[in-house]
Amino acid sequence: MDRIALWAVPLLAAVAGLGFVLVNVHYNGGHYIPPLDDTYIHLQYGMQIGQGEFLRYNDGDPISTGASSLLYVLVLGALHFLGMHGGLLMPAAVLFGVVCHALTAGGVVLLGRRVAGPVTGVWAGVLVALSGPLLWGASSGMEVSITSLLLVATLLMLVREAPSGAFRFTPVLVSLAALCRLEALVFLLLVPPLMMALSARRGRSLAARIASVAWCALPFAVIAAQLLFYLVTTGHSSPNGSQAKSHLSMPNLSLGELAGKTADNFSAFMEILAGLNRQDFAFPGALLLAALGVAVLVRDGGTRRWVGWTIGIGTLLALGAISTMGTALWQQVRYLQPFLPLFVLAAVIGLVEVGKRLRLGDKAPVALLAVAGLFTALSVPTWVHNAVQDSGGIRERVVALAAWTKGNLPEGARLGVHDVGAAAYLGGHPTVDLVGLTTNGLAKPALHGMGALYEELRAMSPDDRPDYIAIYDRMPNGVQLEHLADAGVLGAPVLSLPVMTVYKADWSLIDTGDVPMRPFRGTIRDHVNVGSMTSESDHEHEVHTSRAGFQPLTEARTLETGGHEVVDSARHIVGEEEFTLRNLVPGEEVRLIARHDSTGPKPGLYTGARDVRVFVDGTDLGKHWLKPEAKGWSETVITIPAHLVTSSELTVRLAGLTSFGPSPDYKAFGYWAVQ
């Protein structure tokens, strides 16, 4: 019976996965369309790797870290190298995911049998095989299933090798899981120390113990090497995806706000895993049953104890890590999916324990498992609908854009776009990723707003800037690229549809905001270009927000004056800002030309003020009025007396008139120090 189940459960998982794929193909008129654009990103990286362009998203690009899984793109690169070219790479990736899902279900059967008995193993495997979210992930062409497989295989090998204390393959599996997703290492964080402790106890020579312990530390060495490689090649040890999606990348995030956002995501995960919402992610009560299952494993001792601790603590750690991401709940909660098989195993163990405790006979556990199986099976149609609905959105947006660009853009034209996967893989044009996944240096500017993004784009060399920019219809979440179009900094549309607009980029105005509009005498010694993260960093520009939860985002704006147009970026200030002027001539008066827009809020309590108090190196210069101007911004002059200019640097602070009065609320565009 066990041998039959060991074959039947993976077969069931494979059939279910292929069923998802066939429904997708039917829905999309004979073509497979993945449910998310990230699949195409991985395929593009895989194709490039197969052609010898390691982690270069476009030919000639610098190495970038836009793929969420290094191991997975290496697998795709190997498939491409072995002959899966053109239209074959996508089917190969999808089939690979389905096979990994089948092997994961079989691995759960084996692991469940080892730690809780054959009945538990078979039922857990069946629930994994028919899990809607896992089938969505398996058929998505992403790394969900291979990550799940490596997690299950790691614990299965741990159970096998732990009794002897000789760990040969477990460190390799942990390392592969870590290369597949960083959160997988977080989940398995207890395993390397456990292996090291058990290896150190073996009665051998000191040299052998040291070598064994060092081998068990392989996962930490592998992930350190990966992050060092990223640091050397890109300048950041953090992958671009982490920079683009983490709450930590927000411009002015307080510790309290970070804790609140993380707790909100974590709470949502608890609700999803408890089966208390309409996500159909898990059967009702699964979270409580999984906690009970972990307790049962820990109680039973031996290798079961280590499996229990790993699943229990690892799940909490992984959820905590994912909860720091702004996209944690996006795309059918796909970041949670790889950890679901082991969660399901723990829940089944808990369900069997409840059945035993009810003392209703030997059939009670099976009856409860059948109910869980019924809920799981009933959720499959919902997830089929989710998959085809998601793929339909991808078809109508990113695939349609790729098809249009392939036939309508000039050869070699660079396309700037939000989702670059299909645009590059299907469109055949080099891309600029406007959210910074596959283009280095744009992730944080995009999160800081369209002003910072515009400044970063204009700082590129002309050959690297996008020639065309595609903006999808207004999106409720994520980077709001439509504000870039609203700012008037793009050229004329060359394609306008309800779901997207493509603009011919016009960079003719990019330097018009670098000098004051008002006449001035003297020499500009320094320019603080507020909105440009590079200039802000060079001048130690800081914003001290007085309103909890407020993010001082940037914007770009075009202003027509004197018969010509001027483009400049600004940052929204509510509270104080501080910056350091450099290259000054000591002993000479400084006329600080300040460009602001204070027309937004009405002055008054709780709504913002147009008056600021100016401090120079701590000296109070008194009140300064931020003159409102209907045209969009105004330029006023702050005079800094010569006796205060004692060195080549001055720190300027603009603050409220009183500590507890209404905070200044304005847009700061820039400051020019003239002598």
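Data block above holds the structure.
Note that the structure is a prediction, hence the values are computed from the model and not measured.

What counts, and where the lines are drawn
- Here the residue numbers are simple positions, counted from 1 along each chain's written sequence.
- Only residues with pLDDT of 70 or above have their local features reported here, since the model is predicted, and side-chain atom pairs are shown and tallied only from 80 upward, although totals for entire chains, interfaces and linings are computed over all residues.
- Side-chain measures here rest on the full set of heavy atoms in the structure, leaving out hydrogens and waters.
- By definition, any uninterrupted DSSP run of H or I lasting at least four residues is a helix, any uninterrupted run of E lasting at least two residues is a strand, and each is numbered from the N terminus.
- The contact definition used throughout considers only heavy atoms, calling two residues in contact when any of these lie within 4.5 Å.
- Expected helix span is given by 1.5 Å per residue-to-residue step, counting one fewer step than there are residues.
- Any two rings among Phe, Tyr and Trp, with Trp reduced to its six-membered ring, count as a pair given centres within 6.5 Å; such a pair is stacked if its planes are under 30 degrees apart, edge-to-face if over 60, and tilted if neither.
- Per-residue accessibility, obtained with a 1.4 Å probe over protein chains only, is compared with the maximum for each type, and a residue is labelled buried under 20%, exposed over 50%, and partly exposed between these values.
- Placement of a charge over a ring requires the Lys NZ or Arg CZ to be within 6 Å of the ring centre, with the centre-to-atom vector within 35 degrees of the ring normal.
- For two strands to count as paired, DSSP must find a minimum of two bridges between them.
- Axis angles are defined between N-to-C directions and span 0 to 180 degrees, where every axis is a line fitted to C-alpha atoms and, for a helix, only to the segment in contact.

Enquirer: Help me out: how do you make sense of the side chain of T636 in this one?
Expert: With respect to the helices and strands, T636 occurs in strand β13 (residues 634-640). Those residues in contact with T636 that lie beyond four places of it in its chain are R518, L592, I593, A594, H624, W625 and K627.

Enquirer: Got a minute to help me understand helix α4 (residues 89-116) in this structure?
Expert: Spanning 28 residues, α4 covers 40 Å between terminal C-alpha atoms, matching the ideal 40 Å at 1.5 Å per step. One or two positions beyond α4, positive phi appears at G117, with a value near 110°.

Enquirer: How do you make sense of the packing of aromatic side chains when you look at a structure like this?
Expert: Centre distance and the angle of the planes are the two values used to describe a pair of aromatic rings. Scanning the model with the defined rule gives ten aromatic pairs in all. Measuring from ring centre to ring centre gives 4.8 Å for W633 and F669, while their planes differ by 55°; the resulting arrangement is tilted. With W633 in the loop between β12 (619-625) and β13 and F669 in strand β15 (residues 665-674), this pair connects stretches of sequence that are 36 residues apart. The burial state of W633 is the same as that of F669; both residues are buried. By the ring-pair criterion, three or more aromatic residues cluster together here, those being F54, F229 and Y230. Against the face of Y468 rests K504, its NZ or CZ located 5.3 Å from the ring centre.

Enquirer: What exactly am I supposed to notice about the sheet that holds strand β4 (residues 493-496) here?
Expert: Paired through backbone hydrogen bonds, the strands of a sheet run either parallel or antiparallel to each other. Taken in spatial order, the five strands of this open sheet run β2-β1-β3-β5-β4, and their pairing is mixed. Strands at the two margins of the open sheet, each flanked by one partner only, are β2 (431-433) and β4. When strand polarity is set aside, the average angle formed by the axes of neighbouring strands in this sheet is 20°. Running over the sheet, helix α18 (residues 364-408) touches β1 (415-417), β3 (468-472), β4 and β5 (500-504) and is turned about 35° from β5.

Enquirer: Looking at this structure, I do not really get helix α16 (residues 302-323). What am I missing?
Expert: Residues lying three or four places apart along an α-helix face the same way, a consequence of the helix completing one turn every 3.6 residues. Helix length check: α16 (22 residues) gives 32 Å between terminal C-alpha atoms against 32 Å at 1.5 Å per residue, within 8%. Residues of α16 that are buried: V307, G308, T310, I311, G312, G314, T315, A318, L319, I322 and S323.

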